[in-house]
Amino acid sequence: MKSHIKLGTRNLTRRRGRSMLTIMGVALAIGFTVGLLSISEGFMSALDGMLTGSGPDLFVRPKGGSKMPFGMQGNAMLDADLLPIVRGIPGVEFVEPIYQAFSVDGGSTGFGPMMTMVSGMPADDFFKIRPTASIARGRFFSNDDGAVVVLGGVVAENTGKDVGDKLELISGRKLEVIGIMEKTDEPFDYFAYSPIASLQKIFRDSGRVSYFLVKASAEAGPESVSEKLSKAFPHLDVQTVRELIAEAKKMLSMARAVHFGVSCFALVIGVLFVACTMVMSVSERIREFATLRVIGASKGFVIRMILAESIILSVVGGALGCCIGVALSKLIDLLIGYFVGETFMSALVSPRIFAVGILISVLIGAFAGLLPAAMIMRRNIADSLRYE
Amino acid sequence: MLITTENLVKKYTMGESEIRALDGVSVSIAEGEMTAVVGASGSGKSTLMNMLGCLDRPDSGEYFLNGENVSRLPKDRLAGIRNRYIGFIFQSFNLLPRMSALENVELPMQYAGKKDARGVAERALEIVGLAGRMRHEPGKMSGGERQRVAVARALVNDPALILADEPTGNLDSKTGEEIMSLLESLNAQGRTIVIVTHDADIAARCGRSIRMKDGRVVS
Ligand SMILES: Nc1ncnc2c1ncn2[C@@H]1O[C@H](COP(=O)(O)OP(=O)(O)OP(=O)(O)O)[C@@H](O)[C@H]1O
Ligand SMILES: [Mg+2]
């Protein structure tokens, strides 16, 4: 029997109110940490998932726009005549000219209407570039379809549109929904697709495109193709999906550094919380510890007993904190869903995060127990027996 | 001799002044003796008991317990010696709250790594007349019952020496009498017992008295 653990738990249940308060404190600190951790973990893994997903792997677009290709301003500044030249670059397997339009029709978020990006493109290579894409209902468009649109799985959900409905562009023109794609957890879930010719016609912009999507051949790889494209089009901005994701990850790691700082702060407060409780609890029991020493307990036993008590206190809080953390990350997921609609990023609750939560709480307990243990060890037994 | 001390000195400093709680104490106590330590309050009786019980180390002088010089042993060695050779009984019982009588009595055996602690503890509690109170916590027991638990706890590791610092000080005369009879029966079994007391009757029942005054043995 581990009597130091038994003695420790007994004492905790004796001072129930105080133990509960301390446990709550630790639970909040750990919950906060676990919550933040699972969110950034989820975002990171979503970004990594995009890397391995199918789809185009390069963007060619005008210089100076926003770094993210999806929110591009100053539509359609590229000449469609560039297409054969891009296609002629060695290593380029497919090229898609994209004419980007936007819709705020259907669905809403806490911030207002849901924005849908409608990409005008040729039908030819869509499924070759995106082998995992498939049609759930209706059909895909062909190049000579008129004002029609095919919705990605998530777009269909967010806007609540189905085959036969109309999707209104910001300009006021309506597109007929003729197909809904299967949800696959890939980027194309989040777009709507139309024949490029009909969008160019609607916007009276024939011969112009917003950007090119390029798929490099497997042998050449995106990096070498990117290099060649940059050389061939020094006035254009060429970016690989990998670079884009690296960019996003960089922004995320900055957010992570802030998380880390805030978490450390929370954890230090956790340590102080437990230490404070333990110092109080140990000071009340100076005679008890002396008695244990009198009847033969070694120093090590008493130290282990205090540490056990402190760690149990903290780990119970930590376990509770893990649950709070999960709840917190789900809540943030819900809030993100409410404010910006479904995104490909969501919190990831992995066993690893629980392990980290519990490990941290063990460390909190151990640290917090050191001070009271040292306090008791500094005392002389004979003096402690006189202690009132 | 079970106990031999040579010129034990223990000083306490209180601000400027220095108190010699023990001022050159040399005593010998043979195995099987029942000895009373008497003297005025502040004369150093408890301080001497702390030394004899290896709870504290003297500033100077030697203490031989069963022939071994223990006056300068490291603290964890002393804990082991206390655990194996010495049983303690205090005026204020010093039982652990939140643990039953039985668990309190089991504790010293756990530190000694003994098997069947439960059985031995039960028998010890029967000997002190608490067969029906084993599951009670100290807080739910009378003073006399608590002191009997303490006696049982002092017994379980079969110590050669039992040190009792005013064991009847917090008890009425009838319960005090019961505890004294218990100690006398333990002495009859051959255990060496040292009792600090202010009670002349109790001192008279011990085979021998050590009288202290101002940190010295006067008779
Ligand atoms: N930890 C300590 N710090 C300072 N002085 C101490 C300490 N312990 C004991 N003393 C002093 O040493 C002297 C002897 O104390 P001790 O407790 O041995 O007396 P005692 O004979 O047991 O008295 P009592 O009969 O009242 O229990 C006293 O003057 C006491 O004030
Ligand atoms: Mg005393």
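Worth saying up front: this structure is predicted, and the values here are computed from it rather than measured.

**Quick word on the overall build of chain A**
At step 1: What chain A contains, in helices and strands, is 12 helices and 14 strands.
At step 2: Taking 388 residues into account, the globule formula puts the C-alpha radius of gyration at 21 Å, and chain A, at 30 Å, lies well above it.
At step 3: Seen along its three principal axes, the alpha-carbon backbone of chain A occupies a region of about 95 × 45 × 35 Å.
At step 4: The burial tally for chain A puts 50% of its 388 residues in the buried class.

**Focus: the side chain of B:N94**
At step 1: Relative to the assigned elements, B:N94 resides in the loop between β7 (86-90) and α3 (101-112).
At step 2: Residues in contact with B:N94, not counting those within four places in the same chain, are A:R287, A:T291, A:L385 and B:R153.

**Side note on the domain arrangement of chain A**
At step 1: In terms of domain boundaries, chain A breaks down into domain 1 (3-50 + 248-385) and domain 2 (58-220).
At step 2: A C-alpha centroid distance of 49 Å is found between domain 1 of chain A and domain 2 of chain A.

**As for the site of ligand 1**
At step 1: What surrounds ligand 1 is a group of 16 residues, the closest being A:R386, B:S41, B:K45, B:S46 and B:T47.
At step 2: Two or more chains meet at ligand 1, and those chains are chains A and B.
At step 3: Contact distances for ligand 1 include 2.4 Å between an oxygen atom and a side-chain N or O atom of A:R386.
At step 4: Look at ligand 1: alone it shows 630 Å² of surface, and the protein chains cover 76% of it.
At step 5: Structurally, ligand 1 is housed in the second largest pocket.
At step 6: Mapped by element, the contributors of at least two residues to the shell around ligand 1 are α12 (381-386) of chain A together with β1 (3-14), β2 (17-25) and α1 (45-52) of chain B.
At step 7: With three residues, α1(B) is the largest single contributor of residues to the shell around ligand 1.
At step 8: Looking at the shell around ligand 1 residue by residue, the class counts come to five nonpolar, seven polar and four charged.

**Some words on the layout of surface pockets**
At step 1: Empty space within the second largest pocket amounts to approximately 780 Å³.
At step 2: In terms of lining, the second largest pocket is formed by 34 residues, of which the most central are A:R386, B:S46, B:T47, B:N50 and B:D165.
At step 3: Those elements that place two or more of their residues in the lining of the second largest pocket are α12 of chain A together with β1, β2, α1, β7 and β8 (161-165) of chain B.
At step 4: Of the residues forming the lining of the second largest pocket, the biggest block, five residues, is contributed by α1(B).
At step 5: Partitioned by chemical class, the residues of the lining of the second largest pocket number 13 nonpolar, 12 polar and nine charged.

**Thoughts on α1(B)**
Residue and element names in this part refer to chain B.
At step 1: Most of α1 sits inside the fold, with seven of its eight residues counted as buried.
At step 2: Listing the buried residues of α1 in full gives K45, T47, L48, M49, N50, M51 and L52.
At step 3: Two residues or fewer past α1, C54 is found with a positive phi of approximately 60°.

**Focus on the packing of aromatic side chains**
All names here are of chain A.
At step 1: In total, this model carries 10 aromatic pairs over all chains according to the counting rule given.
At step 2: With centroids separated by 5.1 Å and ring planes inclined at 75°, the aromatic side chains of F126 and F127 adopt a geometry described as edge-to-face.
At step 3: Owing to a relative accessible area of 31%, F127 belongs among the partly exposed residues under this scheme.
At step 4: For the pair F140 and F141, a centre-to-centre distance of 4.5 Å together with 25° between the ring planes defines the contact as stacked. In this structure, F140 and F141 share a single accessibility class: buried.
At step 5: Through a chain of ring-to-ring contacts, three or more aromatic side chains come together here, namely F126, F127, F140, F141, F191 and Y193.
At step 6: The cationic tip of R130 hangs over the ring face of F126; the distance from NZ or CZ to the ring centre is 4.4 Å.

**Here's the deal with the environment of A:M181**
All names here are of chain A.
At step 1: Counting through the fold element by element, M181 comes out in strand β10 (residues 174-181).
At step 2: Given the relative accessible area of 2%, M181 is considered buried.
At step 3: Aside from chain neighbours lying at most four places away, what touches M181 is F126, S134, I135, A136, F140, V150, L151, G152, G153, F188 and Y193.

**Focus on the packing of helix α8 (residues 241-283) of chain A against helix α11 (residues 351-377) of chain A**
Between two packed helices, what matters for the description is the angle formed by their axes and the separation of those axes.
Residue and element names in this part refer to chain A.
At step 1: Two elements in contact, α8 and α11, have axes separated by 8 Å at closest approach and are oriented at 35°. Crossing angle aside, the handedness with which α8 passes α11 is right-handed. When α8 is examined against α11, the residues L267, G270, V271, V274, A275, M278, V279, V282 and S283 are found in contact with a partner set consisting of I360, I364, F367, A368, L371, P372, M375 and I376.

**Brief notes about the sheet that holds β8(B)**
Residue and element names in this part refer to chain B.
At step 1: Spatially, the six strands line up as an open sheet ordered β7-β8-β9-β4-β10-β11, and their pairing is mixed. The outermost strands of the open sheet, each flanked by one partner alone, are β7 and β11 (216-217).
At step 2: Here helix α5 (residues 143-155) sits on the sheet in contact with β7 and β8, set at roughly 170° to β7.

**Things to note about the confidence of the model for chain A**
Residues and elements named next belong to chain A.
At step 1: A residue-level look at chain A finds 92% of positions with pLDDT of 70 or above and a mean pLDDT of 86.
At step 2: Model confidence for chain A, summarised as mean pLDDT per element, is weakest for strand β4 (residues 108-109) at 66 and strongest for strand β8 (residues 148-151) at 95.
At step 3: A low-confidence stretch, residues 67-74 (pLDDT under 50), is modelled with 18 contacts involving residues beyond four sequence positions or located in other chains.

**Let's talk about the interface of chain A and chain B**
At step 1: Each side of the interface is counted separately: chain A has 26 residues, and chain B has 25 residues.
At step 2: Of the roughly 2,300 Å² buried between chain A and chain B on both sides combined, carbon and sulfur atoms contribute 54%.
At step 3: Taken together, the connections running from chain A to chain B amount to two salt bridges.
At step 4: Across the salt bridge formed by B:R98 and A:E288, the nearest N and O atoms sit 2.9 Å from each other.

**Quick look at the environment of B:I162**
All names here are of chain B.
At step 1: Mapped onto the secondary structure, I162 falls in strand β8.
At step 2: On a C-alpha basis, the gap between I162 and I195 in space is 8.4 Å, while along the polypeptide they are 33 residues apart.
At step 3: Once you skip the residues sitting within four places of it in the chain, I162 turns out to touch G87, I89, L155, L183, L186, R191, T192, I193 and V194.

**Some remarks on the pattern of salt bridges**
At step 1: With the rule as written, the count across this model stands at 31 salt bridges over all chains.
At step 2: Note that A:D162 is salt-bridged to A:R137, the shortest N-O span being 3.0 Å. Placement of the pair is A:D162 in the loop between α5 (153-159) and β9 (166-168) and A:R137 in strand β7 (residues 135-138), with a sequence separation of 25 residues.
At step 3: With relative accessibility at 30%, the residue A:D162 sits in the partly exposed group.
At step 4: Its salt-bridge partner being A:D145, residue A:R139 comes within 3.0 Å of it at the nearest N-O pair.
At step 5: Accessibility expressed as a relative area gives 17% for A:D145, which makes it buried.
At step 6: When salt bridges that share partners are traced, they join B:E18, B:R20, B:D23 and B:R216 into one network.

Procedures and definitions
- Residues numbered from 1 in each chain as written.
- Chains lettered and ligands numbered in written order.
- Predicted model: local features only at pLDDT ≥ 70, side-chain atom pairs only at ≥ 80, totals over all residues.
- Heavy atoms only, no water.
- Helix = DSSP H or I, 4+ residues; strand = E, 2+ residues; numbered from the N terminus.
- Rg over C-alpha atoms; globule rule 2.2 N^0.38 Å.
- Buried < 20%, exposed > 50% of the residue type's maximum accessible area, 1.4 Å probe, protein only.
- Contact = heavy atoms within 4.5 Å.
- Domains from an automatic or database assignment.
- Near = heavy atom within 4 Å.
- Polar contact = N/O pair within 3.5 Å; in protein donor to acceptor, adjacent residues only side chain to side chain.
- Areas by Shrake-Rupley, 256 points an atom, 1.4 Å probe, with all protein chains shown as cover.
- 1 Å grid on protein atoms, 1.4 Å probe; cavity = no way out; pocket = protein on both sides within 12 Å on 5 of 7 lines; lining within 4 Å.
- Sits in = over half its atoms within 2 Å of the grid points.
- Nonpolar A, V, L, I, M, F, W, Y, C, P; charged D, E, K, R; others polar.
- Points joined across faces, edges and corners; volume = space filled by probe spheres on them.
- Phe/Tyr/Trp six-rings, centres within 6.5 Å; stacked < 30°, edge-to-face > 60°.
- Lys NZ or Arg CZ within 6 Å of the ring centre and 35° of its normal.
- Axes fitted to C-alpha atoms, helices over the stretch in contact; angles between N-to-C directions.
- Left-handed = near helix turned anticlockwise from the far one by under 90°.
- Pairing = 2+ DSSP bridges.
- pLDDT = per-residue confidence, 0-100.
- Buried area = accessible area lost by both parts, 1.4 Å probe.
- Salt bridge = Lys/Arg side-chain N within 4 Å of Asp/Glu carboxyl O.

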